[in-house]
Amino acid sequence: MPRVLILCTHNSARSQMAEALTRDAARRLGIDLDVHSAGTEATRVKPDAITVMNELGLDLSAHTSKTLHDVPDAQNFDYVITVCDSAAEACPIYPSHTLRRHYPFVDPSGGSLDRWRTVRDQLKIQFDAFVQALKEDRDVPPTYEESPAVETK
């Protein structure tokens, strides 16, 4: 089963949403993935992230912010995806078999719920395309701009 790690700075918003969206896309597409998220620092999952994900029927209320030290077998991932620039810069070195991707998204913190929804919807497009590529045994999208919206019912 492919292992996916999504990294951000605080594991409080973007990486948490991306983790839930990736798991949901994998479930809808019938593909087994072991998905985790972490941050370079642990804080807490932001209430606005919980709110906008609930709108999609995805519950983050039991999620906790974690660092790589909290992730099982943290050096053994097939895919490591950073969703913010600071995490990309702080990301540790992974073995050569690990494919790294950097999909940067605006930090919605401090913004309106509409800003949170925009980032959530962009993350959904990105991670739906990522999971679709895995299902079809294609190369995963190298950038957000190259991630077409896909129908994953």
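As a starting point, this report considers the structure included with it. All of these numbers come straight from a predicted model, not from anything done at the bench.

Concerning the packing of aromatic side chains
Taken as a whole and assessed by the stated rule, the structure comprises three aromatic pairs. Both rings, one in Y103 and one in F127, keep their centres 6.0 Å apart while their planes meet at 75 degrees; by these two values the pair is edge-to-face. Placement of the pair is Y103 in the loop between β4 (99-102) and α4 (113-135) and F127 in helix α4, with a sequence separation of 24 residues.

Quick notes on the nonpolar core
Core analysis: the biggest nonpolar cluster contains 46 residues, and L5, M17, L123, F127 and F130 have the highest contact counts within it. Mapped onto this core, the elements with two or more residues apiece are β1 (3-8), α1 (14-29), β2 (34-39), α2 (47-54), β3 (79-82) and α4. When residues of this core are assigned to their parent elements, the largest contribution, eight residues, is made by α4. With sequence-adjacent residues up to four places away left out, L123 is seen in contact with R14, M17, A18, L21, V83 and F105.

Some points on the sheet that holds β4
An order of β2-β1-β3-β4 is seen for the four strands of this open sheet, with the pairing classed as parallel. Across the chains shown, the open sheet's two edge strands, defined by having one partner strand only, are β2 and β4. For this sheet, the mean inter-axis angle between neighbouring strands, taken without regard to orientation, is 20 degrees. Bridging between β3 and β4 involves four bridges; their strand directions are parallel.

Let's talk about the side chain of R14
Among the secondary structure elements, R14 is positioned in helix α1. Not counting chain neighbours up to four residues away, the residues in contact with R14 comprise C8, V83, C84, F105, V106, D107, P108, V119 and L123.

Description of the pattern of salt bridges
Charged atoms that come close allow side chains of opposite charge to pair. Evaluation of the coordinates by the stated rule reveals 14 salt bridges. Taking the shortest distance from any N to any O, the salt bridge between D73 and R3 comes out at 3.9 Å. Within this pair, whereas D73 is found in the loop between α2 and β3, its partner R3 is found in strand β1, the two being separated by 70 residues in sequence. Of the residues examined, D73 reaches a relative accessible area of 48% and is grouped as partly exposed. When the shortest N-O distance is used, the salt bridge between K66 and E19 registers 3.9 Å. Of this pair, K66 sits in the loop between α2 and β3 while E19 sits in helix α1, and the two are 47 residues apart along the sequence. A relative accessible area of 16% places K66 in the buried class. Residue classification places E19 among the buried positions, given a relative accessible area of 4%. Salt bridges sharing common partners tie together D24, R27, R28, K124 and D128.

Parameters at a glance
Residues numbered from 1 in each chain as written. Predicted model: local features only at pLDDT ≥ 70, side-chain atom pairs only at ≥ 80, totals over all residues. Heavy atoms only, no water. Phe/Tyr/Trp six-rings, centres within 6.5 Å; stacked < 30°, edge-to-face > 60°. Helix = DSSP H or I, 4+ residues; strand = E, 2+ residues; numbered from the N terminus. Core = buried A, V, L, I, M, F, W, Y, C linked by side-chain atoms within 4.5 Å. Buried < 20%, exposed > 50% of the residue type's maximum accessible area, 1.4 Å probe, protein only. Contact = heavy atoms within 4.5 Å. Pairing = 2+ DSSP bridges. Axes fitted to C-alpha atoms, helices over the stretch in contact; angles between N-to-C directions. Salt bridge = Lys/Arg side-chain N within 4 Å of Asp/Glu carboxyl O.

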